[in-house]
Amino acid sequence: MAQHHPAPEHAPPTEPFPPIEPYAHGLLAAGDGQQVYWETCGNPDGKPALVVHGGPGSGCKPGNRQLFDPARHRVVLFDQRGCGRSRPHAADPATSLEHNTTEHLIADMELLREHLGIDRWLLYGGSWGSTLILAYAERHPGRVSGIVINGVTMTRPEETDWLYHGVGRFLPGPWEAFRDALPEPERHGNLVAAYNRRLNSPDAATRTAAARDWCAWEDAVIAHEVLGKPGQYSDRPSEALQAFVRITAHYFAHDAWLEDGALLRDAHRLAGIPGTLIHGRLDLGSPLRTAWQLAAAWPDAELVIVEDSGHTGSPALRRAVLAAIARHADGS
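Parameters at a glance
- Residues numbered from 1 in each chain as written.
- Predicted model: local features only at pLDDT ≥ 70, side-chain atom pairs only at ≥ 80, totals over all residues.
- Heavy atoms only, no water.
- Helix = DSSP H or I, 4+ residues; strand = E, 2+ residues; numbered from the N terminus.
- Rg over C-alpha atoms; globule rule 2.2 N^0.38 Å.
- Contact = heavy atoms within 4.5 Å.
- Areas by Shrake-Rupley, 256 points an atom, 1.4 Å probe, with all protein chains shown as cover.
- Disulfide = S-S within 2.5 Å.
- Buried < 20%, exposed > 50% of the residue type's maximum accessible area, 1.4 Å probe, protein only.
- Pairing = 2+ DSSP bridges.
- Lys, Arg positive; Asp, Glu negative; His and termini not counted.
- Salt bridge = Lys/Arg side-chain N within 4 Å of Asp/Glu carboxyl O.
- Polar contact = N/O pair within 3.5 Å; in protein donor to acceptor, adjacent residues only side chain to side chain.

Colleague: What's the story with the overall build of the chain in this structure? I'm lost.
Modeller: For the chain, the helix and strand inventory stands at 10 helices and 8 strands. Whereas a compact globule of 332 residues would reach a radius of gyration of roughly 20 Å, the chain reaches 19 Å, a difference of no more than 12%. A separation of at least 24 residues holds for 73% of the contacts in the chain among residues at least 6 apart in sequence. For the chain, the exposed area adds up to about 13,600 Å²; of that, 54% sits on carbon and sulfur atoms.

Colleague: It is not clear to me how the state of the cysteines should be interpreted in this structure. Could you clarify?
Modeller: Counting across every chain of the model gives 0 disulfides. Sulfur of C41: no disulfide; nearest cysteine sulfur belongs to C60 and is 8.8 Å away. C215 takes part in no disulfide bond, and the closest cysteine sulfur to it belongs to C83, at a distance of 14 Å. Judged by its relative accessible area of 0%, C215 is buried.

Colleague: How should I be thinking about unusual backbone geometry in this particular structure?
Modeller: The general pattern is negative phi for most residues beyond glycine and trans for most peptide bonds. Cis rather than trans, the peptide bond between G55 and P56 has omega equal to -5°. Examined against the element boundaries, P56 turns out to sit in the loop between strand 3 (47-52) and strand 4 (73-78). The omega angle of the peptide bond from R87 to P88 is 0°, so this bond is cis rather than trans. Note on placement: P88 falls in the loop between strand 4 and helix 1 (102-115). Non-glycine residue S127 carries a positive phi angle of around 60°. Among the structural elements, S127 can be located in the loop between strand 5 (121-125) and helix 2 (128-139). In this model, A256 sits at a positive phi of 55°, which is unusual for a non-glycine residue. Structurally, A256 can be placed in the loop between helix 7 (238-253) and helix 8 (262-265). Using a relative accessible area of 0% as the deciding quantity, one classes A256 as buried.

Colleague: Would you mind going over the pairing of strand 3 with me for this structure?
Modeller: The two faces of a sheet get side chains in turn, since along a regular strand they alternate between them. Two strands pair when backbone bridges link them, and strand 3 and strand 4 are joined in this way by 5 bridges, in the parallel orientation. Paired with A49 across the two strands is V75, which belongs to strand 4. Direction of pairing for strand 3 relative to strand 5: parallel, over a ladder of 4 bridges. Within strand 5, the position partnered with L50 by the bridge is L123.

Colleague: I would appreciate a short explanation of the side chain of E218 in the present structure.
Modeller: Tracing the backbone through its elements, the reader meets E218 in helix 6 (residues 204-221). An unpaired buried charge is present at E218: no salt bridge exists, and R236, the closest side chain of opposite charge, is 8.3 Å distant. Within the structure, the side chain of E218 is placed 2.6 Å from the side chain of Y164, a separation counted as a polar contact. What E218 contacts, discounting residues up to four positions off in sequence, is L163, Y164 and Y233.

Spelled out as structure tokens, the structure:
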């Protein structure tokens, strides 16, 4: 894994840039009745960068605009299908998720790149966004100038099983509450699949309870992260919460429609793309092993381990992200 950098042209920022508003935004007709929200910020002539949000289904957050120097970057953000300001919204039970898969999202990213007239762009994101970045970059490596990932995941079955079953050995009380919120016959198999069924129930009370119980478990997994954002999963408006959980369960119940281990197997397709993989040592839900494996398979990537960070970050992790993005602006 690479360990050296060219001398930076600019001192790396240590704090986010001031808040900024988009200079353009719109809804992109992506087929299947989908309207994908996008926005662009910063310098229209700057180096293009795409923010790929997590979740799946979290939607893009304004704070991500502030990770990029607005004088040097043309920053693009978008809400993945079914969430944020994209339509139709997954909080509506009448919205089918049939046309909401990893393949659809990869195609949406390419359509957006073409729509905006961008040749190559830096990809930034974390958690689920990491999986989608890797899937896109392995499909379209010639369109990627660099990658910065904050919290590496590949959404392999073993990772999903760990997050919703295995890590329960550290949190037996909250995990039993997560399990026991399901009807007794469904407590002994695949909990993600069981929740996915309940989140698509015709009964509104069943859907709402399933979403709240799911987020209570997600919050328990990050509750130890005193430097990050404990409680962040439940802390969202009801419509956003319902869409987030419904989309997340939909993707994880289907292993993100990725062949087991495919992203790691095909990491050789990232050759020549400079990457920075930033991962918190204290990330309980997405352990460091995944980032370690990817760095070993991708010689052009540097792995930065942040000792005090969990899945939701820390000031040191944020500084690492800012420095990595700045380095890519200097070198790409």
